[in-house]
Amino acid sequence: MNNNVIECKICNEKMMEFESNNPQPLLEDFGDRVCRDCNDYVTAVRILFRNIPYEDHKHISNIILNVMKMANSLKRSRLDAHYMYKELIEDE
Ligand SMILES: [Zn+2]
């Protein structure tokens, strides 16, 4: 089995390469891989795009990608603050 550890191209989480997923149509590069959580969004976009003209896909993909990346950054900040707070009150 392939035991390579790689990084999700959307949320930057580390994952085993064998559990990574194809990010099309959200990301265009066929070399990119995404984690299982981000893949749920990729799958939702594939379903959504069945009813949206092809010429609009790239623009919509960019918006969704930016929302996902910004939300991941907010989530990381929130969790960091949460763990710092927990450490503070446990030290008292
Ligand atoms: Zn991810």
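What you are looking at is a predicted structure, and each value in this text was computed from that prediction instead of being measured.

About the cut-offs
Residues numbered from 1 in each chain as written. Predicted model: local features only at pLDDT ≥ 70, side-chain atom pairs only at ≥ 80, totals over all residues. Helix = DSSP H or I, 4+ residues; strand = E, 2+ residues; numbered from the N terminus. Rg over C-alpha atoms; globule rule 2.2 N^0.38 Å. Buried ≥ 20, exposed ≤ 12 C-beta atoms within 10 Å, placed from the backbone. Contact = placed C-beta atoms within 7 Å. Axes fitted to C-alpha atoms, helices over the stretch in contact; angles between N-to-C directions. Parallel < 35°, antiparallel > 145°, perpendicular 65-115°, else oblique. Left-handed = near helix turned anticlockwise from the far one by under 90°. Nonpolar A, V, L, I, M, F, W, Y, C, P; charged D, E, K, R; others polar. Core = buried A, V, L, I, M, F, W, Y, C linked by C-beta atoms within 7 Å. Expected span 1.5 Å × (residues − 1).

### Describing the overall build of the protein chain
Secondary structure assignment for the protein chain yields 2 helices and 2 strands. The secondary structure elements of the protein chain, listed N-terminal to C-terminal, are β-β-α-α. Relative to the 2.2 N^0.38 estimate, which gives 12 Å for 92 residues, the radius of gyration of the protein chain is 17 Å and therefore markedly larger than a compact globule would have. Overall size of the protein chain, expressed as C-alpha extent along the three principal axes, is 60 × 35 × 15 Å. Within the protein chain, buried positions represent 12% of all 92 residues. In the protein chain, of all internal contacts separated by at least 6 residues, the share reaching a separation of at least 24 is 37%.

### Things to note about unusual backbone geometry
Omega for the peptide link from Gln24 to Pro25 comes to 10°, which places this bond in the cis form. Topologically, Pro25 is positioned in the loop between β2 (14-16) and α1 (36-49). Even without being glycine, Asn12 reaches a positive phi, approximately 70°. You can see Asn12 is positioned in the loop between β1 (5-7) and β2. Asn12 sits in the exposed class, given 12 other C-beta atoms within 10 Å.

### Quick notes on the packing of α1 against helix α2 (residues 57-91)
Orientation of α1 relative to α2, taken along the N-to-C sense of each, is 155°, at an axis distance of 12 Å. One element, α1, and the other, α2, form an angle in the roughly antiparallel class. For the crossing formed where α1 meets α2, the hand is right-handed. Judged by residue contacts, Cys38, Tyr41, Val45 and Phe49 of α1 engage His57, Ser61, Ile64 and Met68 from α2. Within the contact of α1 with α2, the residues separate by chemical class into 6 nonpolar, 2 polar and no charged.

### Concerning the nonpolar core
In terms of nonpolar packing, the biggest core is built from 8 residues, these being Cys8, Ile10, Met15, Leu26, Val34, Cys35, Cys38 and Val42. Not counting the four nearest positions on each side in its chain, Ile10 is found in contact with Val34, Cys38, Leu65, Met68 and Lys69.

### Some points on α2
With 35 residues, α2 ought to run about 51 Å at 1.5 Å a step, and its terminal C-alpha atoms sit 50 Å apart, in line with that. Along α2, only 0 of the 35 residues are buried, which leaves the element largely exposed.

### Some remarks on the environment of His82
If you trace the backbone, His82 turns up in helix α2. What makes His82 exposed here is the crowd of 10 C-beta atoms within 10 Å.

Take it as geometry only, folks, not as evidence of what the structure does.
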